[in-house]
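One letter stands for each residue in the lines below.
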Amino acid sequence: MSRSQSSQQHPIGSPFGPAATAAEVLEGVDLRGRFVVVTGGHQGIGFEVTRALAGAGAEVLVGARSPERAAEKVAGIAGADVDRLDLVDPESVDAFAGRRLAAGRPVDVLVNCAAVAPPAERTLDAYGHEIQFATSHLGPFRLTRGLLPLLRAARHGARVVNVSSGAQRMGAVRWDDPDFTTGYHPGLAYAQAKRANVLFAVELDRRWAAEGVRGYAVHPGVVIGTNLNNRPEDQAAYREQGLLDDEGRPVIDPEVGKKTPAQGAATIVFGAASPLLDGIGGVYLKDCEVSVVDGADRPLTADSIPAEAHPDSIDPEAARRLWELTEEMLAR
């Protein structure tokens, strides 16, 4: 591994595999007294994350654009609550963080899970930023920074988990045009956002590990049927990719990365709470394990979904550069 890559980015011998569920990963883990914030924790994989962490004893606060709707979704989960949070609205992000700071309760875990389905046409937030980059990176960056005093205050150390994707392997940060003023493509914009998730975790860990705040990026696997990938117009492509069968049902094959929501949530809660990661940070996780590094050009096929950490996704220089670019974008 080159000096430009994280020295901790290598498997640690986790006993869990691709088929593990979130509940299995947290079996025997006691999270009583811990406070967790999960963005988008009321739907899809995020719902399974909320349910699993609350089931292990944590108090979970779900950040959602529609708190009323989110409250209905998590009503049956003991220990789960909801607050308003719109990640593409800086005022909403600052208000959410402000309420938490006023409450004064330390945040043990922040899971940046919310995302938006890739729009076919270039779509901007109210501040002129490409919507995927804004939702998956700019908003979570602002939120994480706003909650930093409470993350620092966590008695047992804190963790920030960014939900990324194997698309980080295909992502490239458009340093001079992250908002895709030219050449927009939904897949390229998605991949940029997912690479940003990893680079953010790498630099966060470098900056804050000494204060007890560790960063992780996670590939949950491909989970079909959530709000992000359940559009009728995409079904034919999913069949071609081997993600749906002829009856339109999701194909479940965790060994090649095709997972149920509970299996997809497993690596996220592994990052959020597994004691196996104590002392480790700034890494990209896959299949409840620290991923190997693989820079080979591997095509995406129906039988192969490459998702290992790409060297460029964990490059410290790129991570520092993205942090500085993000600060500039948020200051405009």
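J.: Sorry, what's going on with the pairing of strand β3 (residues 80-84) here?
T.: Remember that side chains alternate between the two faces of the sheet whenever the strand is regular. Strand direction decides the pairing type here: strand β2 (residues 59-64) and β3, joined by five bridges, are parallel. Directly across from V60, in β3, lies its bridge partner A80. With respect to chirality, the unit in which β2 leads through helix α3 (residues 67-74) into the neighbouring parallel β3 is right-handed.

J.: What is the right way to look at unusual backbone geometry in this model?
T.: Peptide bonds are trans in most cases, and residues, glycine excluded, mostly fall at negative phi. Of note in the backbone geometry, F180 takes a positive phi value of approximately 55° without being a glycine. On the basis of relative accessible area, F180 is assigned to the buried category, the value being 2%.

J.: What is the right way to read the packing of aromatic side chains from this model?
T.: Evaluation of the coordinates by the stated rule reveals six aromatic pairs. Pairing F141 with W323 gives two aromatic rings, centres 4.7 Å apart and planes at 70°, and the pair type is edge-to-face. Note that F141 is positioned in helix α5 (residues 131-146) and W323 in helix α10 (residues 316-331), a separation of 182 residues in sequence. The same class applies to F141 and to W323, which are both buried. What links up through ring pairs into an aromatic cluster is the set F141, F200, W208 and W323.

J.: What am I meant to see in the side chain of S313 here?
T.: Mapped onto the fold, S313 is located in the loop between β7 (283-286) and α10. Excluding its chain neighbours within four sequence positions, the residues that come into contact with S313 are Q168, R195, V198, L199 and V202.

J.: What is the right way to look at the packing of helix α4 (residues 90-103) against α5 in this model?
T.: The packing of two helices is summarised by the inter-axis angle and the distance between the axes. Direction vectors running N to C along α4 and α5 enclose 25°, while the axes themselves pass 9 Å from each other. Overall, the two elements α4 and α5 adopt an arrangement that is roughly parallel. Of the two possible hands of crossing, α4 and α5 adopt the one that is right-handed. Residue-level inspection shows P90, V93, D94, F96, A97 and L101 of α4 in contact with α5, the latter providing G139, R142, L143 and G146.

J.: Any chance you could explain the confidence of the model for the protein here in plain terms?
T.: Low pLDDT means the predicted coordinates in that region are not meant to be read closely. Summary statistics for the protein give a mean pLDDT of 94 and a share of 95% for residues scoring 70 or more. Between the elements of the protein, mean pLDDT differs from a low of 73, seen in helix α8 (residues 235-240), to a high of 99, seen in strand β4 (residues 109-112).

J.: How should the nonpolar core be read in this particular structure?
T.: As a rule of thumb, nonpolar side chains are buried together in soluble globular proteins. Core analysis: the largest hydrophobic core is formed by 46 residues, its most contacted members being L143, L151 and V213. Mapped by element, the contributors of at least two residues to this core are β1 (35-39), α4, α5, α6 (148-152), β5 (158-163), α7 (186-208), β6 (213-219) and α10. In terms of residue count, α7 provides more of this core than any other element does, eight residues in total. V213 has contacts with L148, L151, R152, A158, V160, L204, D205 and W208, leaving out every residue within four places of it along the chain. Formed by 45 residues, the second largest nonpolar core is a distinct cluster that contains A20, I45, V161 and L285.

J.: Looking at this model, I keep getting lost on the packing of α5 against α7. Mind explaining?
T.: Between α5 and α7, the least distance of the axes is 7 Å, while the angle of their chain directions is 15°. Between α5 and α7, the interaxial angle falls into the category roughly parallel. Crossing hand, α5 versus α7: right-handed. On the side of α5, the interface is formed by Q132, F133, S136, H137, P140, F141, T144 and R145, while α7 contributes P186, A189, Y190, Q192, A193, K194, A196, N197, F200, L204 and W208. Split by residue class, the contact of α5 with α7 holds eleven nonpolar, six polar and two charged.

J.: Teacher, can you tell me more about the sheet that holds β6 here?
T.: Strands in a sheet are paired, the pairing made by backbone hydrogen bonds, and the direction either parallel or antiparallel. Spatially, the seven strands line up as an open sheet ordered β3-β2-β1-β4-β5-β6-β7, and their pairing is parallel. Looking at which strands have only one partner, the edges of the open sheet turn out to be β3 and β7. For this sheet, the mean inter-axis angle between neighbouring strands, taken without regard to orientation, is 20°. Here β5 runs beside β6; their pairing, made up of six bridges, is parallel.

J.: I keep staring at the environment of E255 and nothing clicks. Help me out?
T.: Structurally, E255 is set in the loop between α8 and α9 (261-273). Residue E255 is classed as exposed on the basis of its relative accessible area, which comes to 60%. The sequence separation of E255 and G17 amounts to 238 residues, and the corresponding C-alpha distance is 8.4 Å.

Rules behind the numbers
Residues numbered from 1 in each chain as written. Predicted model: local features only at pLDDT ≥ 70, side-chain atom pairs only at ≥ 80, totals over all residues. Heavy atoms only, no water. Pairing = 2+ DSSP bridges. Helix = DSSP H or I, 4+ residues; strand = E, 2+ residues; numbered from the N terminus. Right-handed = clockwise from strand over helix to strand, strands pointing away. Buried < 20%, exposed > 50% of the residue type's maximum accessible area, 1.4 Å probe, protein only. Phe/Tyr/Trp six-rings, centres within 6.5 Å; stacked < 30°, edge-to-face > 60°. Contact = heavy atoms within 4.5 Å. Axes fitted to C-alpha atoms, helices over the stretch in contact; angles between N-to-C directions. Parallel < 35°, antiparallel > 145°, perpendicular 65-115°, else oblique. Left-handed = near helix turned anticlockwise from the far one by under 90°. pLDDT = per-residue confidence, 0-100. Core = buried A, V, L, I, M, F, W, Y, C linked by side-chain atoms within 4.5 Å. Nonpolar A, V, L, I, M, F, W, Y, C, P; charged D, E, K, R; others polar.

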